Each structure stands twice: as C-alpha cells, then as structure tokens.
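Descriptive analysis of the structure
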Amino acid sequence: MLSKLIKFTFSALFILSSTFLFAQVKPTSADERIKSNELRKELEKKSLLTDISFRNIGPVTMSGRVVDIEANPEDPTEFYVAYASGGLWYTKNNGLSFTSIFDSENILTIGDIAVNWNKKIIWVGTGEVNSSRSSYAGIGIFKSSNNGKNWEWLGLADSHHIGKIQLHPTDENTVWVGALGHLYSPNKERGVLKTTDGGKTWKQTLFVDENTGVVEMDINPTNPNELYAATWYRTRSAWNFEEAGKTSGIYKSLDGGNTWKLLTIDGSGFPTGNGVGRIGLSVFAKNPNLIYAILDNQNPKPDTGKKDVTAYQLQDFKNISKEQFAQLDDKKLDSFLLRNRIPAKQNAKFFKEAIATDKYKSTVIHDFLFVNTGFESTPIGCEIYRSANGGQSWAKVNEKEVPIFFTYGYYFAKIYTSPYNENKLYALGFSSMLSTDGGKTWKNMDKNNVHADHHALWINPKKDSHFINGNDGGINISYDDGEVWFKANTPSVGQFYAITTDNAKPYNVYGGLQDNGVWYISSQTGRNPFAGSGLGLSVGGEVNIGGGDGMYAQVDTRDNTTSYYGSQFGNYTRSNRITKEGTKRITPRHELGEFPYRFNWQSPIQLSSHNQDILYFGSNHFHRSMNQGDNMATMSKDLTNGGKEGNVPYGTITTVSESLLKFGLIYAGTDDGNLHVSKDAGSNWEQLNQKLAVVELNKKIKTVDTKLATQGLWVSRVIASQHKEARVYATLNGYRFDNFSPFIYVSEDFGTSWKQIGTDLPFESINVLREDPKNDSILYVGTDGGLYVSFDKGNSFMSWNAGLPKSVPIHDIAIHQRDNEIVLGTHGRSIYITKLEDVQQLKKDPEWMKKKNVGSKKPTSVE
C-alpha cells in the first residue's frame, strides 16, 4: 500500500507541491523537443479526426505582430512577411493577398528570415527575438529552395530565439546566424553560429556567456569578411525582466566571422556597463565604414530639470517618518491627494491625525499608491550612435530625446539607413521615425492607420521613400516617406489571449488580442467562397469594444449585449456593446492601509452561470460582485505565496472557475502554483496543494514541510467539471522556466487527491482544457503547439489539426453548448470553429466518418 501511495504521489502530485523548488524546474532539452516532434507525428497518425476540419473566421483587420519582411529588390510587389506566432506568408501582388508557406512545419514562431533572391532560397530562424511575454521558443533554422513547398530543418534546436540570419552576398552556402538563446534560462547555444556548407554543419564563432546572445548583425556588402554583431544581455523570469547588462555590446569580425573583437569598450564613445540594453545596427552600403547603432539605454535618466518644490511627489512619502509627516505642508499635501484621486474626505488633516494616532503607518500614502509593473521607471531610453571609422570610435548624434521607447526598448531597437543617402535614417520603436540629417533630429512617420510598436522595415534599394513596415498591427506600405500609408492585412494572424461566446443567433465570439484590444465577430463569418484564401476573410465583420492588450471577456447571455472586458493588469470595464450605455470601470480597488492588489497580465474574470449579476474577479485576492460589478467585495486573503521582488507583477490569480453544477463551488489557481477551492461562493478557501508532502528530488523521495512558503508552476487553468460535481481539472504551464512538459491533473474529490493525465502529450506547454459538453470521456486540450483530443478521460490523446496549421498556439477554447461547436482562440492565427457532432459520434463508433462519407457520396450516373 505504501509503495502504491508513493508511486501515486510521484506521478500525480509532485508538480503541485507547495514546496516545489525552482531548482527542480529544469528547461526542456533540445533532444526532448526534437523527440517530441516525432511524438506529434504518432499522435497525428493515430488521430480519428483527420476528416473533421476547422474553418477560420478571422478576424483580420487588426492582424498580428510582424517580426521581419523581405522583398524582391527587382520587383517589390513580391515579398515575404514573418509573424511572431503566425508563420511565414508570401505575396506577389503587393499585399492584396497572401499565401501561408510555413504551416507544414512543427513550429510557427519566427525570429528572422533571409532570402537569396538570385537562387530563390528562403532561410527561416524560428523563435521570436523580441523577448515579450508571448515570445515562443523556436527549434532552430529551416531552409526552402522551392518557395516553401518543402522545408529542410538545419539544426540549432537549442537556440530558441533567432535575432538575425545574415547571408553571404555571393556564396549561397555561407550563412551567419545571430542566436539570442533561451528567454527564461541560461544556455550555451547562443551568439554567432556560422555555416559554410548550406546549414549541414555549424560552428559557434562568438560566445560571450550563457545569458548573453546576439540580437542583430550586419555586413559590409563589398567585403563580406567584415561583419558586425550586437550582443545583448537579458534575463527573464515570471517576476522580473533584466533587459540590460555589461556584456551587451558591438563586436566586429575581419575574417568572415571566424573571430570577433569587442568594439564598444571604455573610451570608444559608446556606452558600457550594466545599463546597456538591446542594440540595433545598420551599415551604410555605399560607405561601409559608416555604421549607425540604436541603443536601449537603461541607465537612469539624469535629473537635469529643476525640481518642483511646490508639489509633493510619490517618492517623498516612501521612507517618511511619523515626525516628518506631521511637518508636511497641508496645501501641498491636499494638492497631491487630489491629483492622485484620493477621496476628498481623506485630506491632509485626516492623514495627519490618523498617522499621529498610529491608525496608519507614516508611509501609508506611498504604500497605497505605489505599483510596479515594469513600466514606471525612467531610463534614458533611445539613443542613436554613429561611427565613421568601422566601429573604432562612436559618437552620439541625436541632439534631442528620441521618444520612441523608454521602459521597454527591448521590444524594438531597430535602425536602418537609406541605400544611397548616408544622412537618411529610419528608427523603429513605439513609433517609426525618420531623420534626414544623420540622426540629429527626427520626425514621426506614423499616421492614424499605422499601428504602434514597430519591429521591421524593408526599404526599396532603388527608391528610399518606398518601404514596407511591420508592426504589432500587421503590415503598412508607403511610397512617400510615410506621408501616406495603406494596410496589407489580409492574413488571419490575430494573437488571441482569451475568448468567449454569447448566445445570440448566430452567436458571436469575443476575444482579447495582443496589443489589439477586445473584439467580437459573428461565428458565421467565413462562410463564403474566399474563406481562408487571404482575400479579405472578414474585413468589416468584426467590432472593437476595448483597447490596450485585450484580455478576458464575458457576456451576459440574458441580453447578449452587456459585456465585461479588459486590458493588461486588471483594467476591466462593463458596457453595453451596442449602445455603450452603463459603461463603468469594474476593477477592484484596495482600501487605505493596504498595498495595491497585484493583477496578472491576464487577470481572470467570470460571470456566474447561476446568476449573471454575479461577477468573479482575480487579483492576488478573490473578488465578487453581486450587482454586475457596481460594487466589488474582496472575499479572500492573499491566495498566492505573497509576491516576489521584481518588475513584473507576480503572486497573482491566473484562473477562476465556478462549477456549472453547484453555485458557489469555485476554484482559483495562481502564477506561483497555488490551488484553492471555495464551497461557499468565496467566503472561505481551502488550499489544495498544501496537503501534498512528497516531491521528486534527484530521483529520491523526500518529505518536506508543507507549511513552508513555496513557488511552483503557473496554473494556466483550473476547470470545474460540468459532468460531475466533485471533478476538477488543473493544467500547469512551465513556459516561464523554458520547461515545456505537459502537466495536466484531474481530481474526483474536489481537489483532495489528484491523478496526472495526458502523459503521452508532446513537450508543449499546456494553456487550456475543456470537457466535451455531451460526453465526459472526451477532453480537448490546447497547447503552445496545437489541439489534442482524448476519448478516454485523458489517459491517451490524439492530434486534431485538420484545417489548422500543423503547429499553432491554442491559448483558449470555448464550447458553445447550444450549437454544439468548439471555438479555438489561437495566438497567431485568430479564431477557428467546427461542429462537435462528428467527434461525439466517433467516440461511440470509430468507423463513423467512413460510414458517413460513404453515405454522403452521390451515385454515379450512367448514360
């Protein structure tokens, strides 16, 4: 009995232990990921669902994040667009229509592409380099010699994120790759890697350390032995992003990339030290000794302005003593309180009396107002540097601030030069900027139809006023230096975080997208001859209801118009989507004397299916409203392990689920591995993972103190079963440790004990699980690599990708009960829908599709 208990605890529970140590969460190895691709093939072969196809309904208007563009210099109406998580697309009519050409591969995320137009050879470096929360890890380099009909994998699987592919101008077999490396863990396969045999073998020629990779490269086109590489030190965890370091710099090679020398040393004129962030490079082709660099300078901005002694600042209250507070000027204090929207009754007199009597700490104002989301710092930000002697010395050229990035320059930092005018420069950041005086002054090129956050620019080598711009909103094209732009957004490449549906006829699908707000679209969109062709799939059919980075949405199905939706870090609103009446901010607000609530990037909300006046909301606490968000009560203590010091909000609730079978039976999961259940609508909570007392440590069993403060994996979903009251599922996601193992658990006793399922799934982080609405043996699981289905309660799975790319991140799944349809919210290819009837019939009869297809064939007429 003891051995069975130990085995059960090992296989089912070790990952959920409240004492799970960070050291145990090891990155998934390259070998495991490559083997996982073979497992994917097996799950495709065994699939019964190959004849049940999904249809894409878009939307396409807002598009998705572009990372690179390569156009034919002889015919710029022919070009390729690489999307961060939407694959590679090709057009030969200037963006009127596109064809996806990378959907057959086991990865969809791209960092950089390069095209040999003379030989028609395409190189793809997988794994986005922009280091965002949704920058998926790639599996190396691919090459095609027939416009994407077939692809050859060329290795570098552990590089994860590719910054640049640099082609030799005359030798098709010589290529350099700038690999940035793992995002959430140190690794060795980063730096510059070179091949001289077309990618059959690689040699690492530049390596700095396991946290520093290469983000950018450029070449002297007249002397390909002369190359430049920009290294970037950056580390990321779930709670902190370190975006600069002393090993960031610019290197040069004079022997074809075989050896490298650091140029940006002390005295070179280029910044050095811990504040050096991401660097972009551009060599001027007509005079290769002239090089421009754009820098994300993370050193603090110098305080050169005169301090406003007439007004208090938040920092003035950080370490203030009781005695110092009593001496504050009442008028200045009242002015500060008014600026920060403190209720009028809580004025200077109120605070002084409360602090004098020890009702509140002397730092109460700072504690109440201070929030750290990573966007509050004030670094120097964007700087432009120029070298006229091949990088030997540098000088800053921008005379004034270039306001295109500050706190998150890591997301862009790209610079380009005109092919023939050394003083004409283009810089990309939050805005796209143009300089005509060598970088001294800059003007904004963006217009109303150009999305913010720019990542790629192709400049016509024969006409430098014609360029193709790639940003978070897709593709824009200009022929007049950005005076006029038009969009080329026909690919369905929206990056959805979460989706839901209403109960209208036909029903609508709602969802939040990366940097593109919250939208809804009819489920019937796409039922036309051009669906999926890229010919304007759903232009005009979608409606925007919210801005920012769109997150969760909920809809009151009693009227199908009262909508709840939000953006990053818990900023949520209620509104009537048609009339816009009753619009109200519904984000919970902490009380004086408390620290601000911590909100996840994707803070969860849920309407109760038992009474849709009741709304649930997760911060680090569980909140409940009984009146549609008009009032929000905090129902729980902090359900996390208390947060962690860093510049990314952490220690937050990530998922909330109320049972459809019993009102008030609610589960909550957090980003630090906690799971709780409430059986009384949130008044009382039981921590489910406290009872787990055994973990796997170096293949030994070790009993640990379950009361210790702990850290675990991100709980991506907790799902109360709609079939059995005591059943609940939990999925855990190791993406933020570069661990892609599939962790799925089920409990049949309200979370008291757990069983691991889905052990035959490939190494792809789990995002979501849903039950079939009619058969509790059927489960649907969405991962960073695709959709999987189980017919035996999770004991085994099969792939379901008919109508989908071979690999696509599934961030959310919605089941529309009335219409018996499944809706997929993908992070890179928008929304897919199909009926579930055939799936449910296949569970009963594996031969169902064969019988159905035979029955549907029309008899052949004989004349």
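Located above this text is the structure these notes cover.
Another aspect to go through is the nonpolar core. Counting residues in each nonpolar core, the largest one holds 38 residues, and the members touching the most others are I279 and I294. Of all the secondary-structure elements, those providing two or more residues to this core are β15 (227–233), β20 (276–283), β21 (291–300), β22 (379–387) and β25 (425–428). Per-element tally for this core: the top contributor is β21, with 5 residues. L49, I52, M798 and L804 belong to the second-largest nonpolar core, a separate cluster that totals 24 residues.

Position of S807 among the secondary structure elements: in the loop between β57 (798–799) and β58 (810–816). Beyond its immediate stretch of four places on either side in the chain, S807 contacts R40, E105, N106, I107, L108 and G785.

With that settled, consider the pairing of strand β34 (residues 517–522). With 5 of 6 residues buried, β34 lies mostly within the body of the structure. As paired strands, strand β33 (residues 508–513) and β34 are joined by 6 bridges and run antiparallel to one another. Paired with G512 across the bridge in β34 is V518. The turn linking β33 back onto β34 is made up of 3 residues, and D515 within it adopts a positive phi angle of 55°. Relative to strand β35 (residues 542–546), β34 is paired through 4 bridges, and the arrangement is antiparallel. The partner of V518 across the bridge, within β35, is G546.

This part covers the packing of helix α4 (residues 330–339) against helix α5 (residues 348–356). Across the interface, α4 lies against α5 with an axial gap of 9 Å and an inter-helix angle of 105°. Between α4 and α5, the angle falls in the class roughly perpendicular. For the pair α4 and α5, contact is made by D330, L333, D334 and L337 and by A348, F351 and K352, respectively.

In spatial order, the strands read β14-β15-β18-β19; together these 4 strands make up an open sheet with antiparallel pairing. The outermost strands of the open sheet, each flanked by one partner alone, are β14 (212–219) and β19 (261–262). The sheet contact formed by strand β18 (residues 249–253) and β19 spans 2 bridges and is antiparallel. Following the sheet pairing, Y251 is matched in β19 by L262.

Here the focus is the side chain of D671. Here D671 is to be found in the loop between β45 (666–670) and β46 (675–678). A distance of 3.1 Å separates a polar atom in the side chain of D671 from the backbone nitrogen of G651. Separated by 2.8 Å, the side chains of D671 and T652 make a polar contact. In this structure D671 touches N600, P649, Y650, G651, T652, T654, G712, L713, W714 and V715, once residues within four positions along its chain are discounted.

So, on to the sheet that holds strand β56 (residues 787–790). Read from one edge of the open sheet, 4 strands run β54-β55-β56-β57, paired in antiparallel fashion. Lying at the two open borders of the sheet, with one neighbouring strand each, are β54 (766–771) and β57. With 5 bridges joining them, β54 and strand β55 (residues 779–783) adopt antiparallel strand pairing. By the bridge assignment for β55, E771 is matched with L779.

Enumeration over the complete set of coordinates arrives at 33 salt bridges. Linked through salt bridges whose partners overlap, the residues forming this network are K424, D464 and D481.

Below, the discussion takes up the environment of I365. Here I365 is to be found in helix α6 (residues 364–369). On the accessibility criterion, I365 (4% relative accessible area) is buried. Once the C-alpha coordinates of I365 and A326 are considered, the two residues, 39 residues apart in sequence, prove to be 13 Å apart. Setting aside residues no more than four positions away along its own chain, I365 makes contact with L314, F317, F325, L333, F336, L337 and F351.

Each aromatic ring pair is described using two quantities: the centre-to-centre distance and the angle formed by the ring planes. Following the criterion strictly, the structure yields 34 aromatic pairs and no others. Their ring planes at 40° and their centres at 4.9 Å tell us that Y80 and Y90 sit as a pair that is tilted. Of the two residues, Y80 is situated in strand β3 (residues 75–83) and Y90 in strand β4 (residues 87–91); the sequence distance between them amounts to 10 residues. The exposure class assigned to Y90 is buried, which follows from its relative accessible area of 13%. Ring geometry for F350 against Y360: centres 6.4 Å apart, planes inclined by 55°, an arrangement best described as tilted. Of this pair, F350 sits in helix α5 while Y360 sits in the loop between α5 and α6, placing them 10 residues apart in sequence. Judged by its relative accessible area of 23%, F350 falls in the partly exposed class. You can call Y360 buried: its relative accessible area is 17%. Every member of this aromatic cluster is reached through a ring pair, and the members are F241, F375, F405, Y408, Y410, Y411, F412, F569 and W601. When the ring centre of Y312 is taken as reference, the NZ or CZ atom of K332 above it lies at 4.5 Å. Here R577 stacks its cationic end above the ring of Y520, 4.5 Å away from the centre of that ring.

Parameters at a glance
- Residues numbered from 1 in each chain as written.
- Predicted model: local features only at pLDDT ≥ 70, side-chain atom pairs only at ≥ 80, totals over all residues.
- Heavy atoms only, no water.
- Core = buried A, V, L, I, M, F, W, Y, C linked by side-chain atoms within 4.5 Å.
- Buried < 20%, exposed > 50% of the residue type's maximum accessible area, 1.4 Å probe, protein only.
- Helix = DSSP H or I, 4+ residues; strand = E, 2+ residues; numbered from the N terminus.
- Contact = heavy atoms within 4.5 Å.
- Pairing = 2+ DSSP bridges.
- Axes fitted to C-alpha atoms, helices over the stretch in contact; angles between N-to-C directions.
- Parallel < 35°, antiparallel > 145°, perpendicular 65-115°, else oblique.
- Polar contact = N/O pair within 3.5 Å; in protein donor to acceptor, adjacent residues only side chain to side chain.
- Salt bridge = Lys/Arg side-chain N within 4 Å of Asp/Glu carboxyl O.
- Phe/Tyr/Trp six-rings, centres within 6.5 Å; stacked < 30°, edge-to-face > 60°.
- Lys NZ or Arg CZ within 6 Å of the ring centre and 35° of its normal.

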